[in-house]
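# Structural characterization, general
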Amino acid sequence: MAKPIRSGSDAMKRDFLLFIGFSVLVMLAPQYFRGGYMMNVLVFVGINTMLAIALNLLLGYAGQISLGHAGFFGLGAYLSGIMTTTFSLNPWLAMPLAAVAVGSLAFLIGFPVLKLKGHYLAMATLGLGIIFFIIFNETYEWTGGPSGLSGIPYLELGGISFNSDVKSYYLIWGFTLAVMLFALNLASSRVGRALRAVHDSEVAAQVLGVNARLLKVQIFALSALLSSIAGSLYAHTMTFISPTSFGFNFSIELLTMVVIGGLGSIYGSFLGAALLTLLPEILRGANDYDIIIYGGLLMVMVMYMPGGLVRGIPALFRKLAGRKGGVDHA
Amino acid sequence: MNFKVMPFVMAAVTLLFSANVFAAAPIRIGALFAVTGPAAFLGEPERNTAKMVVDEINRAGGVRGQKLELIVYDTSGDATKAVQLATKLIKDDKVVAIIGPSTTGETMAVIPVVERGHVPLISCSAGSKITDPVKRWVFKTAQNDSLAVGRIYEYLQKTKQTNVSILTVSDGFGASGREQLKSQAARYGITIVSDDTYGPKDTDMTAQLTKMRGSRTQAIICWGTNPGPAVIAKNAQQLGIKTPLFMSHGVSSKKFIELAGDAAEGIRLPSGKVVVADMLPASDKQKKSLMAFVRDYKKHYNAEGDHFGGHAWDAVMLVRNAINNGAFTAAAIRDQLESTRGFAGIGGNFNYSPQDHAGLGKDAFVLVEVKNKDWMIVK
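Remember, predicted model here, so these are calculated numbers, not experimental data.

Of regular secondary structure, chain A possesses 14 helices and four strands. The C-alpha atoms of chain A give a radius of gyration of 20 Å, which matches the 20 Å a tight globule of 330 residues would have. Structurally, chain A occupies a C-alpha span of about 60 × 50 × 45 Å along its principal axes. A total of 330 residues make up chain A; the buried ones form 47% of that total. Contacts spanning at least 24 positions in sequence make up 75% of the contacts within chain A whose residues lie at least 6 apart.

Rendered as structure tokens:
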């Protein structure tokens, strides 16, 4: 399941080239979708990729489930939104403040919550997500309640306001690529190896000198912090937020992205986020049947690609090419 | 040989061009409705109505010889989806106007998109902040909550029942109602003696009602959408509360009477005129539109048209009228919408102006009472 440990400069060079190649593709993509609606969808692919990576660090690497990540995403969005509208703070200041606040909160919550395992952890994080949702919904004075918070400013940099889909695309993907690079590095570092050790056996990891409890809480906080940044970016590109975007359903959608894309793979998170964001657009032609096809496709993918898209697609290609061989770990 | 072919070619080319002129591309109108999800009770009748009206218009030959094409997307009540789909309607489908979305939250989310894209939006949701302050490209057809509150308070003032209790649902609709109930009370000399809320999924409100029974309240006003108010009506009956019960326009459909059964008898509420269309005097300006809507909806879907569908009816007709007045581009349609005067629709008599993009007055609501499982107009 987990990524095998690579060593040697060849593997590192390959990883680096892969990332550079991916970044170039991302930067060139707007050339093909100039001005169209697709740009707007790709902005959301970027935000969802960032969220999926954040959740993947927790779920795919450390093996700790969270059904409440939409709550952290929403908290980041609302904190940024409230700080920039009610208190007229600069968005560039509000974003890190929100991120640190959400990260610290998650760190504190993490200690009691991450003591739980399996179904109990799932239930606790689920509850957490629902509590956040209720807070967004009920504190009218701050959040505007169910009818939302509007008038959030766009981000600006050196006189450029990120107020169009193309500009937002570069902004969001700039952040997403940075998060990707960070996650890739983290995954192949000592911390990444420790996380995978905790994932496979917490006891064994502790015997080897890993402070499993603290590490789990730290990665939970980091994951929440990254989700909060995604939330702030979402708030500043949409310029409007309402609780419906941060409900339980979205937590499940994030989880699906990570699982469909491939647990413990950063590029897998991108594939999962891209698929789940683009699929409804592609299926829109099927009118009322889109939900059935959508569900069916997801089921087939989970059944026949248990390792996620990131391992399933290469396997499929090899099968089509008629070559036999073991499944390579991407 | 060539000489003989030429005329045919010429004729063919001419035909081709003229055919193009006659079968000009239809005028595209976009629509965003919450057809699925928690707000489906709004989105579904809205979509059905919008489709029906566009069909009827096209069957009658279109507008100024041009057909209309309605492109409907389902937002499932999600603000993010509404924004994506609004972008799609503007950039890919190149619509000249957008109808919807169904909820205030979605509408607020879509506003920056249409303001930037320069396409008129006619929202079917009620929140007063949609058109207050006025936005250049944004209109709405659903009546403001403030008008409904005004209707009830006016009646209470007249009948000298000035100590009231309010019980509102904790969602967007209830929150907006609560705000209006509190802010308008003083103007009508009303005192709010107790102010309680309930959750949208609560199944028993006896606690709140018991508290009100003990107070000196003369009228209870409940603000919510089905099924909560029906539960309240039943609870009040069980508790033997004799204090007059008032509801909001959120339950002005037969569904409420079905849900509440006997407990609905005697309950009063402000409602759009659609539920009492056949009881209106012939002098009412809206009567013609209302009767047409009710008749057509019955014919197409074999169901009662409600005022939610009416919001979509009004929106499509407003666009149709604008096009009929010679506006074919988004900008021209916007200007025409703004100069709409005296359009008698389902929601009321619309008079838009540069200062008012909501367009309705207090006459949009009538006070109705449930009698023998049907609506009666309260004089």
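Scanning chain B for helices and strands turns up twelve helices and 14 strands. Relative to the compact-globule value of 21 Å for 379 residues, chain B shows a C-alpha radius of gyration of 23 Å, a close match. Projected onto its principal axes, the C-alpha coordinates of chain B cover approximately 100 × 40 × 35 Å. Residue burial in chain B is summarised as follows: out of 379 residues, 52% are buried. Residue pairs at least 24 apart in sequence account for 67% of intrachain contacts in chain B once pairs closer than 6 positions are excluded.

This paragraph deals with the domain arrangement of chain B. All names here are of chain B. Splitting chain B by domain gives domain 1 (27-144 + 286-363) and domain 2 (146-277 + 365-377). Spacing between the C-alpha centres of domain 1 and domain 2 amounts to 28 Å. On the domain 2 side, the residues contacting the 21 residues of domain 1 number 15 residues. Where the side of domain 1 that touches domain 2 is concerned, the elements lending two or more residues are α4 (104-117), α10 (287-301) and α11 (307-324).

With 19 residues of chain A in contact, the opposing surface of chain B contributes 20 residues. No other element matches helix α2 (residues 37-61) of chain A, which puts four residues into the side of chain A that touches chain B. For the side of chain A that touches chain B, a count of residues per class yields seven nonpolar, eleven polar and one charged.

As a further point, take α2 of chain A. An α-helix turns once per 3.6 residues; consequently, residues spaced three or four apart project the same way. All names here are of chain A. Relative to the 36 Å expected for 25 residues at 1.5 Å per residue, α2 spans 35 Å between its end C-alpha atoms, a close match to the ideal helical length. The largest bend along α2 measures about 35 degrees and falls at Leu 55. Of all 25 residues in α2, 24 are buried, a share of seventy percent or more. Phi for Gly 63, located one or two positions after α2, is positive at around 75 degrees.

Another aspect to go through is unusual backbone geometry. Peptide bonds are mostly trans, and most non-glycine residues show a negative phi. Residue and element names in this part refer to chain B. Of note, the amide linkage connecting Gly 100 to Pro 101 takes the cis form, showing an omega dihedral of -5 degrees. One can find Pro 101 in the loop between β3 (97-99) and α4. The peptide bond linking Asn 226 to Pro 227 adopts the cis configuration, its omega dihedral lying at 5 degrees. Structurally, Pro 227 is set in the loop between β8 (219-223) and α8 (228-238). Unusually for a residue other than glycine, Asn 372 sits at a positive phi of about 50 degrees. In this structure, Asn 372 sits in the loop between β13 (365-371) and β14 (374-377).

So, on to the environment of Gly 144 of chain A. Residue and element names in this part refer to chain A. You can see Gly 144 is positioned in the loop between α6 (140-143) and β1 (149-150). The buried category is assigned to Gly 144, around which 26 C-beta atoms lie within 10 Å. Between the C-alpha atoms of Gly 144 and Arg 190, which are 46 residues apart in sequence, the distance is 44 Å.

Glancing now at the nonpolar core. Formed by 210 residues in total, the largest nonpolar core has its most connected members in Ala 86, Ile 98 and Ile 99 of chain B. Among the elements that take part in this core, α2 of chain A stands out by supplying 18 residues, more than any other. Inspection of this core shows a minimum of three residues originating in each of domain 1 (27-144 + 286-363) and domain 2 (146-277 + 365-377) of chain B. Apart from the residues lying within four places of it in its own chain, the contact partners of Ile 99 of chain B are Ile 29, Ala 31, Ala 50, Ile 122, Cys 124, Ala 312, Ala 315 and Val 316 of chain B.

Residue and element names in this part refer to chain B. Where burial is concerned, most of strand β1 (residues 27-33) is hidden: six out of the seven residues are buried. Bridge count for β1 against strand β2 (residues 68-74) is seven bridges, and the pairing is parallel. The partner of Arg 28 across the bridge, within β2, is Glu 69. Traced from β1 through helix α2 (residues 40-59) to β2, the parallel crossover comes out right-handed. Examined bridge by bridge, β1 and β3 share three bridges and lie parallel to one another. Pairing of Ile 29 across the sheet is with Ala 97, part of β3.

So, about the environment of Gly 261 of chain A. All names here are of chain A. Residue placement: Gly 261 occurs in helix α11 (residues 248-261). Separated by 205 residues in the primary sequence, Gly 261 and Asn 56 have C-alpha atoms spaced 9.8 Å apart. What Gly 261 contacts, discounting residues up to four positions off in sequence, is Ala 52, Gly 268, Ser 269, Phe 270, Leu 271, Gly 272, Ala 273, Gly 308, Leu 309 and Val 310.

Let us look at the confidence of the model for chain B. Residue and element names in this part refer to chain B. In the predicted model, chain B carries a mean pLDDT of 89, and the fraction of residues at 70 or more is 94%. Contacts of residues 18-22 to residues separated by more than four positions or lying in other chains number zero contacts, the stretch itself having pLDDT below 50. Interface confidence in the predicted complex, given as ipTM, is 0.78; pTM for the same model is 0.83.

This part is about the sheet that holds strand β4 (residues 121-123) of chain B. Residue and element names in this part refer to chain B. Taken in spatial order, the five strands line up as β2-β1-β3-β4-β5 in an open sheet, and their pairing is parallel. What marks the edges here is a single partner per strand, and that holds for β2 and β5 (138-140). Across the sheet, the mean angle from the axis of one strand to that of its neighbour is 25 degrees, orientation sign disregarded. Note: β3 against β4, two bridges, orientation parallel. Looking across to β4, one finds that Ile 99 is bridged to Ile 122. Where α2 meets the sheet, it contacts β1, β2 and β3, and its direction lies at approximately 165 degrees from that of β2.

Before going further, it helps to spend a moment on the packing of α2 of chain A against helix α7 (residues 165-187) of chain A. Residues and elements named next belong to chain A. Following both chains from N to C, one finds α2 and α7 inclined at 20 degrees, their axes separated by 8 Å at the closest point. Taken together, the axes of α2 and α7 are roughly parallel relative to one another. Regarding α2 and α7, the two cross each other, and that crossing is left-handed. Between α2 and α7, the residues in contact are Met 39, Asn 40, Leu 42, Val 43, Gly 46, Ile 47, Thr 49, Met 50, Ile 53, Leu 57 and Tyr 61 and Asp 165, Val 166, Ser 168, Tyr 169, Ile 172, Trp 173, Phe 175, Thr 176, Val 179, Met 180, Ala 183 and Ala 187, respectively. A class-by-class count of the residues in the contact of α2 with α7 yields 17 nonpolar, five polar and one charged.

All names here are of chain B. Here Phe 350 shows up in strand β12 (residues 349-350). A C-alpha to C-alpha distance of 8.1 Å links Phe 350 and Gly 361, two positions eleven residues apart in sequence. Look past the residues within four positions of Phe 350 in its chain and what remains in contact with it is Thr 340, Phe 343, Gly 345, Gly 359 and Leu 360.

Parameters and conventions
Residues numbered from 1 in each chain as written. Chains lettered and ligands numbered in written order. Predicted model: local features only at pLDDT ≥ 70, side-chain atom pairs only at ≥ 80, totals over all residues. Helix = DSSP H or I, 4+ residues; strand = E, 2+ residues; numbered from the N terminus. Rg over C-alpha atoms; globule rule 2.2 N^0.38 Å. Buried ≥ 20, exposed ≤ 12 C-beta atoms within 10 Å, placed from the backbone. Contact = placed C-beta atoms within 7 Å. Domains from an automatic or database assignment. Nonpolar A, V, L, I, M, F, W, Y, C, P; charged D, E, K, R; others polar. Expected span 1.5 Å × (residues − 1). Bend = angle between axes of the 7 residues up to and from the residue. Core = buried A, V, L, I, M, F, W, Y, C linked by C-beta atoms within 7 Å. Pairing = 2+ DSSP bridges. Right-handed = clockwise from strand over helix to strand, strands pointing away. pLDDT = per-residue confidence, 0-100. Axes fitted to C-alpha atoms, helices over the stretch in contact; angles between N-to-C directions. Parallel < 35°, antiparallel > 145°, perpendicular 65-115°, else oblique. Left-handed = near helix turned anticlockwise from the far one by under 90°.

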